[in-house]
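# Summary of the model geometry
For reference, the chains in residue letters:
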Amino acid sequence: MRAPLLVLIGLLCAGPARAADNPAAPPAQVAPSADPTQVRPGSYVLDPDHGKVTWSVSHLGYSTYYGQFTGLSGTLQLDPKAPEKSRLEVTVPLGGVITGSARLNEHLAAPDFFDTAKFPTATFTATKVEPTSPTTARITGDLNLRGTVRPFAIDATFNQAGIHPVDQRYTVGFDGRAVVKRSDFGINAYLPQLGDEVSLRIEGEFKATP
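Residues numbered from 1 in each chain as written. Predicted model: local features only at pLDDT ≥ 70, side-chain atom pairs only at ≥ 80, totals over all residues. Heavy atoms only, no water.

### Concerning the packing of aromatic side chains
Within this structure, the stated rule accounts for seven aromatic pairs. Each ring, one from tyrosine 44 and one from tyrosine 170, has its centre 6.4 Å from the other, and the planes form 45°; the classification is tilted. Pair noted here: tyrosine 44 is in strand β1 (residues 42–59) and tyrosine 170 is in strand β9 (residues 170–181), with a separation of 126 residues, a long-range link. The two residues tyrosine 44 and tyrosine 170 agree in class, both being buried. (Phe/Tyr/Trp six-rings, centres within 6.5 Å; stacked < 30°, edge-to-face > 60°. Helix = DSSP H or I, 4+ residues; strand = E, 2+ residues; numbered from the N terminus. Buried < 20%, exposed > 50% of the residue type's maximum accessible area, 1.4 Å probe, protein only.)

Here's what the structure looks like:
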């Protein structure tokens, strides 16, 4: 009995086997990083399940009303070492507006507002990216809404990048803030009682393409 006991003690003292000693062990997972200098350059696509725009507008001065656009699509060409060379294009399906009210959803799709029968989507194409800090940038470009194209700017914040724990794909995450005047795009219904300035909160997770 003495020999088996000594073997058992030896195994306990040795501890768990290292990955290097076990060729079949999976490689260690690299934790997501909030360091923008570690982001992988290359092409990305927006995850439609985790890309959305939350908007808010003054409702006749009585409240601030909120809604969302979901199902966005987009592409990102990212160059962390030269952010000014990055490119971004996003499409927003206007017919997918969410307010919590079916009647209001229908009204927003009507000619008074988005007129989705004629203009089913809005698009944003970035033309310039200016870093404002190590983790923030001002993204300017062209917003096409209801057939009208106007300059538009997003103040973007880098969140983190790394291997996503769910789908195991390399993912980069951003938040953004912007303000748009709806009258600039011919959406004049109920002005000035219904607010003209619409605040936007933007979230996006971009997946690296092979």
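The rest of the description comes next.
### Description of the environment of histidine 107
Structurally, histidine 107 is set in helix α2 (residues 102–109). Its relative accessible area of 27% is what places histidine 107 among the partly exposed residues. Non-local contacts of histidine 107, meaning those with residues more than four positions away in its chain, are made with Asp112, Phe113 and Tyr190. A distance of 3.1 Å separates a polar atom in the side chain of histidine 107 from a polar atom in the side chain of aspartate 112. (Contact = heavy atoms within 4.5 Å. Polar contact = N/O pair within 3.5 Å; in protein donor to acceptor, adjacent residues only side chain to side chain.)

### Things to note about unusual backbone geometry
A cis amide bond links leucine 191 with the next residue in sequence, proline 192, at an omega value of 0°. In this structure, proline 192 sits in the loop between β9 and β10 (197–208). Its identity is not glycine, yet aspartate 115 carries a phi of approximately 50°, on the positive side. With respect to the helices, strands and loops of the structure, aspartate 115 is situated in the loop between α2 and β6 (121–133). With a phi angle near 65°, tyrosine 190 is a residue other than glycine that sits in the positive phi range. Looking at the secondary structure, you find tyrosine 190 in the loop between β9 and β10.

### A closer look at the side chain of aspartate 115
Of the side chains with opposite charge, lysine 118 comes closest to the buried, unpaired aspartate 115, at an N-O distance of 4.3 Å. If we ignore the near neighbours within four places in the chain, the residues touching aspartate 115 are Leu108, Ala109, Ala110 and Arg146. (Lys, Arg positive; Asp, Glu negative; His and termini not counted. Salt bridge = Lys/Arg side-chain N within 4 Å of Asp/Glu carboxyl O.)

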